[in-house]
Amino acid sequence: MDEMYISFNRARYCVRRVNATHEIGCQSSSRGNSGRMYMIDDENEFRSFLTNKKTLDSIGRFIITLNIDLFDSEHMDELMTRLDTKLNGLLVYLKSNLTRPKHFSPDDQCPNHRHSYYLNQTQAVNWNPKGNGLFFRSFPFPIMLIDEEDDYKLLLSYYQRFNSSQSTSSCGLELKTFQNAAHTSKTCMRRGEISHSLIDEAETLCDPVGGLNIYSKLSEPLTITPKQRSPKSVILILATTDSFQMFLKANGATGGVQQPATSLIAFLSLAHLIGQAQEDLNKIEKEIIFVTLDGDALDYSGSFRFMYDMENNYFPTDSKDEERIRKEHIHSVIEFQALSFTGQLSESNLYAHPSNLTNETFINSLTNRTSTIVPMPRDAPLPPASSQIFLRQTSSLFFPVYILTSTNQSQLSNHYYHSFFDDPSTLSINISSLEYNTTTDFSQWIKSLVEPLAQTLIETITGLNKNITIEQEIINNLVYCVLKNINCPLIHNVSNETSGNSFDAFDQTSLPFSVNTYPTATTPTFTFVRNTLSYFLRDRTYDGLNLTETACKEQSKNDSFRLYRFVGGYPPSISTEEKFLGYCVRSYYRSAYSSSPAFAIDKYDLADTTYPAWSESRWSTISLRLFIIPTQSHEIITLVIGILLLSISFIAFFFLRYFTKLSLLQPSSS
């Protein structure tokens, strides 16, 4: 070998997360875990390895390299039981994208069951029957994954070269994924406080899970002071912005396409349709507020925070001129959740709960407009969705929820739920050929969902039967931006120059959907949602005013209720025929931290399970390296040579010292 180590810099890695009672995930020791590599490719090799007593007894530490098809709870339990402390790490591999498993979900079979609406229900629905639950287990060793084909081939070539027999050298692996967090969120936070009291510079060991909850609505152009709200006057439209995967990857795909990406695309498309109807909607007493929730992938943390803020008169935030929204103001909740597209005949299911509050006229009108939306039976169990927390925190007494999802009565349609395999290929989209304005079957399907929903919603609250439609180009652009390149023309057109330029660093990167942490989250997802959503719901009377950038800034000085920004303008969304060099956008936008109330309530005991208390560990170094372990005879020869060299060195030293001593004792000739 020309090098001592071969590094695999594109490997995915498992990290440590903690909550009120447990720790989950994996980690190495501070110096990393190493051991002899043993590759297992199929079930026969797995059984052969476990029964090979000679191999198991002769090797002190193993790093098992396992085909992802075998990475499930059953095989992991067998490995850990048989090897015990000899199992020093695990490297999972994917041969190529063509050999991905048919199902792979590290989530539980009943996602978010710890804090669901059905918390006290004796028999839960296993919505995710193929879920192996490995994400929520704690492993005493590091686990990493390689999903690049050339990395797998390199690993295999070294293994075949050096591990072919016991008489030759063998491959070893070093996994380094040391994590700072341990035990529980309470322990982790306390350790950080102790270190802060001992040293001047604070040391943060873990960060609360959560980023931002974002909400926007029509900006009410008729009045500067917002009108007072009436009971049952606010309709909430929900979508989430986070997901999780067991294996993270720096600058790698995060998954989350079927949830939450598809729901977010539908959510933003509906916002554009509602924005088009603002002239009629601004004349009535009801408001439609669009809300994105972050942190709900882990026990609905974002929804708990949203409801906590509402119950304590913190919603909406940052506006002393605006009346706070309370639960009695809520008319209904409509949520997009886990939309899966499997073909042109794909259907979405509409869940409604509770039956005594649901509007049957709304349901019938919606389902009569389209065959792609199918109503579920009355009071059918609700699938995993943020709306469960809205019902739970209000005892289902104040408003109905409507959930639009591809989940049927028994299971999720997503075979890769909360996995990095949940990518655009699951929507039958060839991401390499997807262009900015490519019309796909998926984008047409989204149009068939949101148009009848918008028409029904407008008719229900205004009494007007409007055939409102959305340009296919707008949905095409959203699909491209979210699934392929967040640094797309749309985001530059709807953002001011400073905000738009911040996306240059994410060129050719899809919108990331992962576990965000406060306050360290640097994801561009929030900026994208904020600018796009508020632009689609902007005050469109400003489109034709031709205000300069300076005049636009002046407007904001006398209006604390709305936000103003000068943008280039997004042509497909502008209805006026006259085009300008720039547009002043007047819009309504608010955001609030989405970390659990457990981290917001003063002196809250983080060991209490009333609210979820998830936090994510910090780490410093992640590395995966391959090295060569010499044979025993090679080690003996090296030891013997070392001893001989050491002996010769000692002999030479004594001779030199002896003759030097004689020389110094001789009398000087002078």
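Computed from a prediction, not measured in an experiment: that's the story for all the values here.

Here we come to the sheet that holds strand E5 (residues 33-40). One open sheet holds the 8 strands; their spatial order is E1-E21-E9-E5-E6-E7-E8-E2, and the pairing between them is mixed. On the outer flanks of this sheet lie strand E1 (6-7) and strand E2 (12-13), each paired with one strand and no other. The pairing of strand E9 (residues 170-176) with strand E21 (residues 623-629) spans 7 bridges and is classified as antiparallel. Bridging from a neighbouring strand, Leu175 pairs with Leu624 of E21. The strands that helix H1 (residues 43-50) touches are E5 and strand E6 (62-67); relative to E5, the one it contacts most, it runs at about 125°. Along the sheet, helix H4 (residues 149-162) makes contact with E1, E5, E6, strand E7 (87-93), strand E8 (143-146), E9 and E21, crossing E5 at roughly 90°.

We now examine the pairing of strand E12 (residues 234-240). Of all 7 residues making up E12, 7 are buried, and the element is well covered by its neighbours. Burial along E12 is two-sided: the face carrying Val234, Leu236, Leu238 and Thr240 and the face carrying Ile235, Ile237 and Ala239 are both buried. As judged from the 7 bridges shared by E12 and strand E13 (residues 287-293), these two strands associate in the parallel manner. Within E13, the position partnered with Ala239 by the bridge is Thr292. As defined by bridge partners, E12 adjoins strand E14 (residues 330-337) across 5 bridges and the pair is classed as parallel. The partner of Leu238 across the bridge, within E14, is Glu335.

On to the nonpolar core. Formed by 78 residues in total, the largest nonpolar core has its most connected members in Ile237, Ile274 and Phe290. Broken down by element, this core gets its largest block of residues, 11 residues, from helix H6 (residues 257-276). Residues contacting Ile274, with those up to four places away along its chain left out, are Leu218, Leu281, Ile288, Phe290, Leu457, Ile458 and Leu537. Counting residues in each nonpolar core, the second largest holds 66 residues, with Ile59, Phe71, Leu83 and Phe141 among its members.

This part is about the domain arrangement of the protein chain. When its domains are assigned, the protein chain resolves into domain 1 (5-179 + 620-632) and domain 2 (210-595). Spacing between the C-alpha centres of domain 1 and domain 2 amounts to 37 Å. Listed by partner, the interface residues are 41 residues for domain 1 and 43 residues for domain 2. Both sides of the domain 1 and domain 2 interface together cover about 3,700 Å² of buried area, and 60% of this is carbon and sulfur. Of all residues in domain 1, the largest losses of buried area upon contact with domain 2 belong to Arg12, Tyr117 and Trp127, amounting jointly to 24% of the total for that side. Applying the counting criterion to the domain 1 and domain 2 interface returns 4 salt bridges. Note that Arg100 is salt-bridged to Asp423, the shortest N-O span being 2.6 Å. Where domain 1 meets domain 2, there are 20 residue pairs in polar contact (both at pLDDT 80 or more).

On to the environment of Gln228, then. Take Gln228: it is sitting in the loop between strand E11 (212-217) and E12. Sequence separation between Gln228 and Glu285 is 57 residues; the distance between their C-alpha atoms is 9.2 Å.

With that settled, the discussion passes to unusual backbone geometry. With an omega of 15°, the peptide bond running from Gln259 to Pro260 counts as cis. Within the fold, Pro260 resides in helix H6. Although it is not a glycine, Asp299 adopts a positive phi angle of roughly 60°. A positive phi angle, close to 60°, is found at Ser396, a residue other than glycine. Along the chain, Ser396 falls in the loop between helix H10 (387-392) and strand E17 (401-405).

On to the packing of H6 against helix H15 (residues 525-536). Two packed helices can be described by the angle between their axes and the distance between those axes. Two elements in contact, H6 and H15, have axes whose closest approach is 8 Å; the angle formed by their N-to-C orientations is 25°. Relative to H15, H6 is oriented roughly parallel. The residues of H15 that touch H6, namely those facing Leu264, Phe267, Leu268, Ala271, His272 and Gly275, are Phe528, Val529, Thr532, Leu533 and Phe536.

This next bit is on the side chain of His418. Looking at the secondary structure, you find His418 in the loop between E17 and helix H11 (441-462). Taking the relative accessible area as the measure of exposure, His418 reaches 6% and is therefore buried. Here Asp107 takes part through its side chain, which lies 2.8 Å from a polar atom of the side chain of His418. When sequence neighbours within four positions are dropped, the list of residues in contact with His418 reads Pro106, Asp107, Ser243, Phe244, Gln245 and Ala297.

Parameters and conventions
Residues numbered from 1 in each chain as written. Predicted model: local features only at pLDDT ≥ 70, side-chain atom pairs only at ≥ 80, totals over all residues. Heavy atoms only, no water. Pairing = 2+ DSSP bridges. Helix = DSSP H or I, 4+ residues; strand = E, 2+ residues; numbered from the N terminus. Contact = heavy atoms within 4.5 Å. Axes fitted to C-alpha atoms, helices over the stretch in contact; angles between N-to-C directions. Buried < 20%, exposed > 50% of the residue type's maximum accessible area, 1.4 Å probe, protein only. Core = buried A, V, L, I, M, F, W, Y, C linked by side-chain atoms within 4.5 Å. Domains from an automatic or database assignment. Buried area = accessible area lost by both parts, 1.4 Å probe. Salt bridge = Lys/Arg side-chain N within 4 Å of Asp/Glu carboxyl O. Polar contact = N/O pair within 3.5 Å; in protein donor to acceptor, adjacent residues only side chain to side chain. Parallel < 35°, antiparallel > 145°, perpendicular 65-115°, else oblique.

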